[in-house]
Amino acid sequence: MSNIIIRPNWVLPESAASTQDAYFNRRRFISTLGLGTIGVASVGSLGCIGQTGEAAEAPKGPLDTIPADAPRDGYPAARNSLYKVPERPITDRIAASSYNNFYEFDGNSKEIWHLTDKYDPYPFTIEIGGLVEKPMTLDLSDLIRRFGIEERLYRHRCVEAWSLTVPWEGFPLRNLVELAKPLSKASHLKFVSIARKNEMPGIKKQSWYKWPYYEGLRMDEATNELAFAVTGMYGEPLTKQNGSPIRLALPWKYGYKGPKAFAKIEFVDYEPKTFWNDIAPDEYSFLSNVNPKVPHPRWSQATERFIKDMDTTRRVRTQLFNGYEEFVGDMYPNEPR
Ligand SMILES: Nc1nc2c(c(=O)[nH]1)N[C@H]1C(S)=C(S)[C@@H](COP(=O)(O)O)O[C@H]1N2
Ligand SMILES: [Mo]
């Protein structure tokens, strides 16, 4: 009896679900093999957990993946009381660090923390360029010291209809925009993540994607008070699987609009291309505001599975702009209401 491994209930059901990840991996895998639309059953074995073969270095738990050299200045930060989530509890920290989406590690599994042992982000710099007074490269540790950090409790809604409530730590993205001094003709920002194929196993395994991950925002979105540059969660620096060393939280948008491990911001005068929109433009729009009335072509967005702990079966109603209409509603006169 002692060798029975009890896994949280998401391990099996998720790999069977038709989602952002499973759908594309399956489709791509099949076309790689030249099998047309048959042979789906063979895909299951790709999603096995614990096959890294590096037990010695592998993290023992999902919180072992906070980089040892992550700057700890300001942690734990005081919570900003302006942003409340009165109707939902805070997600259990282990659950929020175990149930993830970060395709650079794996697109087929939610439990990716096992795969992060080679990833070593620090020291880390962010390159700022494009339509700015002067291009610059900023050291992340310097930025954290310069801006300081605060904690914000935000809802976090994935387009695959699961959600969390997370205490993020970081600084307003607006601070970074002001430091960058964009020219008046800059209308949008383009974010580019890192793609280290020797540290992130999902890149080689899913070589058909257009790495690195890239996303974009309008200037008014990036300077909205909610847009948050996240360097930590639950009072400590970010775990690798949650986007160490820096990612965005844009709580009124679906999760994929917030790039993890971004190392480049380019100011531009056009609407930039984005990773998921390029893959499936009819499924992942540039704006991607959370909206229960706008279904994904393959599933409803009216409700979501709220992940409070390892049980992922509770459903709650999805809210327009994920409950942030008072902060962002004015930016979107054409959003279906
Ligand atoms: N670079 C990068 N950023 C990314 C992703 C990714 O695959 N790569 N996934 C996105 C998606 S779909 C979601 S829902 C969130 C998940 O964040 P979490 O794992 O911290 O909950 O990260 C987003 N940022
Ligand atoms: Mo997502």
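Going by the structure above, here's the rest.
Heads up: these notes are all about the structure in this document. All figures in this text were calculated on a predicted structure; none of them were measured in a lab. (Residues numbered from 1 in each chain as written. Chains lettered and ligands numbered in written order. Predicted model: local features only at pLDDT ≥ 70, side-chain atom pairs only at ≥ 80, totals over all residues. Heavy atoms only, no water.)

**As for the packing of helix H4 (residues 140-147) against helix H5 (residues 173-180)**
Here comes step 1: Running from N to C, H4 and H5 point in directions that differ by 105°, and their axes come no closer than 12 Å. As the angle between them shows, H4 and H5 are arranged roughly perpendicular. Touching Leu 143, Arg 146 and Phe 147 of H4 are Asn 175, Leu 176 and Leu 179, all from H5. (Axes fitted to C-alpha atoms, helices over the stretch in contact; angles between N-to-C directions. Helix = DSSP H or I, 4+ residues; strand = E, 2+ residues; numbered from the N terminus. Parallel < 35°, antiparallel > 145°, perpendicular 65-115°, else oblique. Contact = heavy atoms within 4.5 Å.)

**Here we look at the site of ligand 1**
Here comes step 1: Taken together, 19 residues lie around ligand 1, and Tyr 103, Glu 104, His 156, Gly 258 and Lys 260 are the ones closest in.
Here comes step 2: At 2.9 Å, a side-chain N or O of Asn 100 approaches an oxygen atom of ligand 1.
Here comes step 3: Tyr 103 is positioned with one of its backbone polar atoms (N or O) 2.8 Å from an oxygen atom of ligand 1.
Here comes step 4: Here ligand 1 has 540 Å² of accessible area as a free molecule, and 100% of this is covered by the chains. (Near = heavy atom within 4 Å. Polar contact = N/O pair within 3.5 Å; in protein donor to acceptor, adjacent residues only side chain to side chain. Areas by Shrake-Rupley, 256 points an atom, 1.4 Å probe, with all protein chains shown as cover.)

**Description of the side chain of Gln 241**
Here comes step 1: Relative to the helices and strands, Gln 241 is located in the loop between strand E8 (236-237) and strand E9 (247-249).
Here comes step 2: Among the polar contacts listed, one links the side chain of Gln 241 to the backbone oxygen of Pro 62, at a separation of 2.8 Å.
Here comes step 3: Among the polar contacts listed, one links the side chain of Gln 241 to the backbone oxygen of Ser 97, at a separation of 2.7 Å.
Here comes step 4: Filtering out sequence-adjacent residues up to four positions away, Gln 241 remains in contact with Pro 62, Thr 65, Ser 97, Asn 100, Phe 102, Ile 112, Trp 113, Thr 116 and Lys 260.

**Let's talk about unusual backbone geometry**
Here comes step 1: Note that the residue after Tyr 75, namely Pro 76, is joined by a cis bond; omega there is -15°.
Here comes step 2: A cis amide bond, omega 0°, links Tyr 122 with the succeeding residue Pro 123.
Here comes step 3: One can find Pro 123 in the loop between helix H3 (93-96) and strand E1 (125-130).
Here comes step 4: A positive phi angle is found at Tyr 234, which is not glycine, with a value near 50°.
Here comes step 5: In this structure, Tyr 234 sits in the loop between strand E7 (228-233) and E8.
Here comes step 6: Although it is not a glycine, Asn 322 adopts a positive phi angle of roughly 55°.
Here comes step 7: Within the element layout of this structure, Asn 322 appears in the loop between strand E12 (315-317) and helix H9 (325-328).

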